[in-house]
Every structure is written in C-alpha cells, then in structure tokens.
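Below, each chain spelled out in residue letters.
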Amino acid sequence: MAGSRRRVWPWIIAMVAVGGLLAGAVVIAEAVSRDLVVSGIRDRVVSSLDLPADQPVDVQVEGLVLPQLVAGRLNDVTISSEDVVVDVFAGDVTVQAQGIPLRGEAPLEAAEGTVRMDVEQVRGLLAAVEDFPVDSLAFDAPDVTMTVELSVFGAAVPVGVALTPSAVDGDLVLTPSALQIAGAEVGADELRARFGGLADSVARDWPVCIAQYLPAGLTLADVAIDGDTLVADVDVDGAIAVDPALLENGTCE
C-alpha cells in the first residue's frame, strides 16, 4: 500500500501543476482579451465621433470578457470621457450600454447617457442663441439665471430672470420661473405693465436645439441643475450600433 501511495502522489502533484498552468493561461487570455476589447471600443468611439486621437476615453467592461466573446455579446459596458468638444457643444459624457452584439447586425439591447456641463460650457452652447445674454448666465439650482437690461426713456433697468431647464421634444428649453427688479420679485403681467412690449423679450421661453451637436441616435430626455453643473440625460437608440446614419449629427427644424 505504501508503494501504491508513493505512485499516486506524483500524479496528483502533476495534475495540480497542470491545473495551475491552465488557470494562469486563462488569466493571461482574459487580460489580453479585455485589453483588445477596451482598445477596440475606444478606437471605434474616437473614429465614429471624429474626436481627437488623444481624447481620453475610459471604457469599463463588466464581468469576465472571454465568456462574453464566446457568446458574441458584451453584457454591460460603460464609456466615459471628459471635455468632449463637438462644435460649440462641450461637456463630460458617460454612456452605459447593455447587450452589445459582437457579430451580425443586431442593435444594442439598451443604452442611456449622461452629459454634465459647467457654467462656461453652457455659455458656449447658448452663445449661438440669438439675443440670449450669455455673459450674465449663472446657476442657482434648480434654475439657470440671467440678467436682461430693458431701456426705458434712455435708462437701463436690469431685470433678473430665473429659468427652469427642461427637455421638450429633444430640445433644451429654458422657461421663466421668477422675475426680479431691484431685488423685488414681480410677475410677468406687472413686467408687461411697466415695460410694454419690451417685456416680451424677457418673459419668454428660450428653446435651444442641441440635435445639431449630437449624433442623431441620441435624444435629450431630461435636464436639471445639480449644484454648479447642468446634468442632461440622453436616450440612446439601440440601432446606433448598426446604422451609420445615427452616428451623424442630427438637424434642427
């Protein structure tokens, strides 16, 4: 029996050694596969959106990559980049997608994005809006604020305006929620009584079309002021993975 045990031990040791080598190979294969997938996604994002070659893009792939490659679908991927600049649009962008097909012409199962913009970035966006006083723009959560000067008998009267941001049919819309003259709150009717038609340039909605700055497969769904940041939630059309037209910038009517 002792001799039999001595013959068994080498086999057990050999099996453990082989198992350790296989485990190490799998770890190496997983690491290599993950690097290839991450770099491939990053390159696709940079080229598709025509971003600078050195644009920092962070890609996080949840779970083990090898089984997902075998299945032909990535379960959960998060892509983020700071200071993304497209024309006058600039902001920090994060997109989370589920069910990304690796073969065939299938769309994404689901995807959503978030864009975060500071005051200066929002000023850059609104600079294209005619007559909007971008230099006075500020954030006072939950509103955007601005100051408009109305001229009465040659005297400039500053009117403070609080604007509530919202998403309407994919556009950013700023709607007056409060008006102030010399620190005192006034209503829209009182403002019109004092300034007549001039008040219409203040007590009005400010629609801002942003479709022209985003891929057509992205639609503004919600927007809010969070501290010193404007946070915009974006719906992503799953077909953007297979339809090149959805990667082209949208249009404004």
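We now turn to the structure provided with this report.

Analysis parameters
- Residues numbered from 1 in each chain as written.
- Predicted model: local features only at pLDDT ≥ 70, side-chain atom pairs only at ≥ 80, totals over all residues.
- Heavy atoms only, no water.
- Pairing = 2+ DSSP bridges.
- Helix = DSSP H or I, 4+ residues; strand = E, 2+ residues; numbered from the N terminus.
- Axes fitted to C-alpha atoms, helices over the stretch in contact; angles between N-to-C directions.
- Contact = heavy atoms within 4.5 Å.
- Phe/Tyr/Trp six-rings, centres within 6.5 Å; stacked < 30°, edge-to-face > 60°.
- Buried < 20%, exposed > 50% of the residue type's maximum accessible area, 1.4 Å probe, protein only.

The sheet built from six strands is open, its strands ordered β1-β2-β3-β4-β12-β11 with antiparallel pairing. Edge positions in the sheet fall to β1 (58-61) and β11 (218-226), since each of these pairs with one other strand and no more. The mean inter-strand angle of the sheet, taken between neighbouring strand axes irrespective of direction, is 15 degrees. When β1 meets strand β2 (residues 73-86), the two strands line up antiparallel, connected through four bridges. Bridge pairing in β2 places Q60 opposite T78. Lying over the sheet, helix α3 (residues 119-126) contacts β2, β3 (89-101), β4 (110-117) and β12 (229-236), oriented at roughly 100 degrees with respect to β4.

Further remarks concern the packing of aromatic side chains. Going through the model one piece at a time under the given rule, you end up with one aromatic pair. Considering the side-chain rings of F132 and W206, the 5.0 Å spacing of their centres and the 85 degrees angle between planes classify their relative orientation as edge-to-face. Pair noted here: F132 is in the loop between α3 and β5 (138-140) and W206 is in strand β10 (residues 206-208), with a separation of 74 residues, a long-range link. W206 matches F132 in its accessibility class, with the two residues each being buried.

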